[in-house]
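Spelled out, the chains give:
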Amino acid sequence: MYDVVVVGGGPSGATAAEDLAREGRNVAFIDREGRIKPCGGAIPPRAIRDFDIPEDQLVAKITTARMISPTGRRVDIPIENGFVGMVDREHFDAFLRDRAEAAGADRYRGTFTKIERDAEGTHVLFRDKESGETRRLTTRLVIGADGARSNVARQEVAGGDRIPYVIAYHEIIEAPGKVGEYDPERCDVVYDGAISPDFYGWVFPHGKSASVGMGSMVKEVDVKKATADLRVASGLADCPTIRKEGAPIPLKPLDRWDNGRDVVLAGDAAGVVAPSSGEGIFYAMIGGRVAAAAAAATLETGQVAKLKLARHLFMREHKSVFKILGAMQDAYYKSDARRERFVSLCHDIDVQRLTFEAYMNKELVKARPLAHLKIGLKNLAHLSGLVRETYV
């Protein structure tokens, strides 16, 4: 019997499995090998520190972010005193899985089907990738880290079948080096309704390759055409395409992450992708870590109420950031006129500094009250229409 079976081997599931294995727990994880999530691949310095990410996993170091408005205005934001690390999910996720296995977690390759219970305990059923046969693992607890539209969440946790999401799509292309609009040390974020009517498009360098993509909640949007248009606008239409990927990305953390018995959720399955930015890797890994902590506390005490620790620990540190980012998305992503105003705000040096200080350290910056006041006044001026869209 396992102490914990983790369903999913992405950044969240692999982190949970590794943490539990290093604590001496008998843990297994089930991975749908071969699936690569569409992702810009950005990770902040805090993630590199907190999760001991080695230098060889960083395929690029970004020193500038460019915001592009619907009318084509460009704002370059330097990343002071640091950088944003870029990873390629194909290799990064594999590294995390290998590390979890090396720490002592048993690794199974297959697709989760369901959870059953009887007098012997809780059983996780999955279809083995190699044989195609159904296998069963018996466990005391389950961590559901099987992504957005999680089957574990849908089957086991109240509200797990009603999580809002955007459909993200990207293409990994061969990067051309610094040419035209493309810079291998700069991330471009495109706020243009022609690319995405309710989210954004991106061009993120990955060293020898680049991720070009977009996301939207609007079902009528042709994500492949929008990405093709983005490649044309960025001067990347003729670059060879390495691979194409699409998947849902959740927009809001679930109100509950456990079933009050033997299951707790982590990562995308719990909805922990940052609003507005769509950033997911760091928050997925944190989600895996707090789920592992909740599982360990439950095993230690025998109290299933300890499963609630996962959501409590996560929200205690990140709820305020998620709330502010959600409000920003609601305020500025509704129309091109609003997006134009958002890019205007990005001209402000205080906005730039506070944004990246918060991003790098994953906490709100409270040391500059006058800067916050000025930004708040500018927000009110733009949202009330007191100033023109291009006022900076």
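In case you missed it, the structure is sitting above this.
Keep in mind that what you see is a predicted model, and the values were worked out from it rather than measured. (Residues numbered from 1 in each chain as written. Predicted model: local features only at pLDDT ≥ 70, side-chain atom pairs only at ≥ 80, totals over all residues. Heavy atoms only, no water.)

K.L.:
What's the story with the overall build of the protein chain in this structure? I'm lost.
P.N.:
In terms of helices and strands, the protein chain carries 10 helices and 16 strands. Its C-alpha atoms give the protein chain a radius of gyration of 21 Å, within 12% of the compact-globule value 21 Å for 392 residues. If one aligns the C-alpha atoms of the protein chain with their principal axes, the spans along those axes are about 70 × 45 × 40 Å. Split into buried and exposed, the 392 residues of the protein chain put 57% on the buried side. At a minimum sequence separation of 6, the contacts of the protein chain that also span at least 24 residues come to 70%. Summed over its atoms, the accessible surface of the protein chain is roughly 17100 Å², and 50% of this surface lies on carbon and sulfur atoms. The averaged location of the 55 negative side-chain charges in the protein chain is 5 Å from the averaged location of its 56 positive side-chain charges. (Helix = DSSP H or I, 4+ residues; strand = E, 2+ residues; numbered from the N terminus. Rg over C-alpha atoms; globule rule 2.2 N^0.38 Å. Buried < 20%, exposed > 50% of the residue type's maximum accessible area, 1.4 Å probe, protein only. Contact = heavy atoms within 4.5 Å. Areas by Shrake-Rupley, 256 points an atom, 1.4 Å probe, with all protein chains shown as cover. Lys, Arg positive; Asp, Glu negative; His and termini not counted. Charge placed at Lys NZ, Arg CZ, Asp CG, Glu CD.)

K.L.:
How should I be thinking about the sheet that holds strand β13 (residues 201-206) in this particular structure?
P.N.:
Within a beta sheet, neighbouring strands are joined by backbone hydrogen bonds and run either parallel or antiparallel to one another. Ordered in space as β6-β5-β12-β13-β14-β11-β15, the 7 strands form an open sheet in which the pairing is mixed. At either margin of the open sheet sits one strand with a lone partner, and together these are β6 (74-78) and β15 (241-250). On average, each strand axis in the sheet is tilted by 20° relative to the strand beside it, whichever way the strands run. Here 5 bridges tie strand β5 (residues 64-68) to strand β12 (residues 186-190), and the two strands are oriented parallel to one another. Bridge pairing in β12 links isoleucine 68 to valine 190. (Pairing = 2+ DSSP bridges. Axes fitted to C-alpha atoms, helices over the stretch in contact; angles between N-to-C directions.)

K.L.:
Sorry, what's going on with the pattern of salt bridges here?
P.N.:
Should their charged atoms come close, side chains of opposite charge can pair. What the rule picks out here adds up to 37 salt bridges. In this structure, the salt-bridge partner of arginine 289 is aspartate 19, at a minimum N-O distance of 2.7 Å. Highlighted residues: arginine 289 in helix α6 (residues 281-301) and aspartate 19 in helix α1 (residues 11-22), separated in sequence by 270 residues. Look at arginine 289 and you get partly exposed, because its relative accessible area is 31%. Aspartate 19 sits in the buried class, given a relative accessible area of 14%. For aspartate 229, the salt bridge identified is with lysine 225, shortest N-O distance 3.0 Å. Placement of the pair is aspartate 229 and lysine 225 together in helix α5 (residues 223-233), with a separation of 4 residues, close to one helical turn. (Salt bridge = Lys/Arg side-chain N within 4 Å of Asp/Glu carboxyl O.)

K.L.:
Is there a simple way to think about unusual backbone geometry in this case?
P.N.:
One can expect most non-glycine residues to show negative phi and most peptide bonds to be in trans. Of note, arginine 149 is a non-glycine position whose phi angle comes to about 60°, a positive value. As for its placement among the helices and strands, arginine 149 is situated in the loop between β10 (134-144) and α4 (151-156). Even without being glycine, serine 276 reaches a positive phi, approximately 75°. Mapped onto the fold, serine 276 is located in the loop between β16 (263-265) and α6.

K.L.:
Looking at this model, I keep getting lost on the environment of alanine 228. Mind explaining?
P.N.:
Within the element layout of this structure, alanine 228 appears in helix α5. In this structure the C-alpha to C-alpha distance between alanine 228 and glycine 215, which are 13 residues apart in sequence, comes to 13 Å.

K.L.:
Mind showing me how you'd approach the side chain of serine 150 here?
P.N.:
In this structure, serine 150 sits in the loop between β10 and α4. Owing to a relative accessible area of 2%, serine 150 belongs among the buried residues under this scheme. A polar contact of 3.2 Å, which involves the side chain of serine 150, links it to the backbone nitrogen of valine 152. (Polar contact = N/O pair within 3.5 Å; in protein donor to acceptor, adjacent residues only side chain to side chain.)

K.L.:
For this particular structure, what's the right way to read the nonpolar core?
P.N.:
Where a protein is soluble and globular, its nonpolar side chains tend to be buried together. Val4, Ile143, Trp257, Leu265 and Phe314 are the most contacted members of the largest nonpolar core, which totals 71 residues. One finds Ala42, Tyr200, Ile249 and Phe356 within the second-largest nonpolar core, a separate group that totals 32 residues. (Core = buried A, V, L, I, M, F, W, Y, C linked by side-chain atoms within 4.5 Å.)

K.L.:
What is the right way to look at the sheet that holds strand β4 (residues 60-62) in this model?
P.N.:
Spatial strand order, β3-β7-β4: 3 strands in an open sheet with antiparallel pairing. The two strands at the open ends of the sheet, each matched to only one other strand, are β3 (42-43) and β4. Sheet topology note: the β3/strand β7 (residues 84-86) ladder contains 2 bridges and is antiparallel. The residue bridging alanine 42 from the neighbouring strand is methionine 86, located in β7.

K.L.:
Before we go on, may I ask you to explain helix α3 (residues 89-103) in this structure?
P.N.:
In an α-helix, one turn spans 3.6 residues, which is why side chains three or four residues apart end up on the same side. Counted at 1.5 Å a residue, the expected span for α3 with its 15 residues is 21 Å, and the 21 Å between its end C-alpha atoms agrees. Within the span of α3, buried status applies to Arg89, Phe92, Asp93, Phe95, Leu96, Arg97, Arg99, Ala100 and Ala103. The inward-facing, buried residues of α3 abut α1, β2 (27-31), β8 (106-118) and α6. The N-cap of α3, judged by a side-chain oxygen 3.0 Å from the amide nitrogen of glutamate 90 a few residues on, is aspartate 88. In the segment just after α3, glycine 104 is the residue with positive phi, at about 125°. (Expected span 1.5 Å × (residues − 1).)

K.L.:
Would you mind showing me how to read α6 here?
P.N.:
Over its 21 residues, α6 runs 30 Å from end to end, which matches the ideal 30 Å to within 8%, given 1.5 Å per residue. Taken across its 21 residues, α6 has 17 buried, putting it largely inside the fold.

K.L.:
Looking at this structure, how should I read the packing of aromatic side chains?
P.N.:
One pair of aromatic rings is described through two measures. These are the centre distance and the angle between the planes. Inspection of every chain in the model, using the stated rule, returns 17 aromatic pairs. Arranged with centres 6.2 Å apart and planes meeting at 75°, the rings of phenylalanine 199 and tyrosine 333 form a pair that is edge-to-face. In this pair, phenylalanine 199 sits in the loop between β12 and β13 while tyrosine 333 sits in the loop between α7 (309-332) and α8 (336-345), placing the two residues 134 residues apart along the sequence. For phenylalanine 199, a relative accessible area of 4% corresponds to the buried category. Residue classification places tyrosine 333 among the buried residues on the basis of a relative accessible area of 3%. Ring plane angle 75° and centroid distance 6.5 Å describe the contact between tyrosine 333 and phenylalanine 342, whose orientation is recorded as edge-to-face. On the accessibility criterion, phenylalanine 342 (8% relative accessible area) is buried. Connected via pairs of aromatic rings, a cluster forms that spans Tyr191, Phe199, Tyr200, Trp202, Phe204, Tyr332, Tyr333 and Phe342. Cation over ring: lysine 61 sits above phenylalanine 83, and NZ or CZ is 4.8 Å from the ring centre. (Phe/Tyr/Trp six-rings, centres within 6.5 Å; stacked < 30°, edge-to-face > 60°. Lys NZ or Arg CZ within 6 Å of the ring centre and 35° of its normal.)

Geometric values such as these leave the question of function open.
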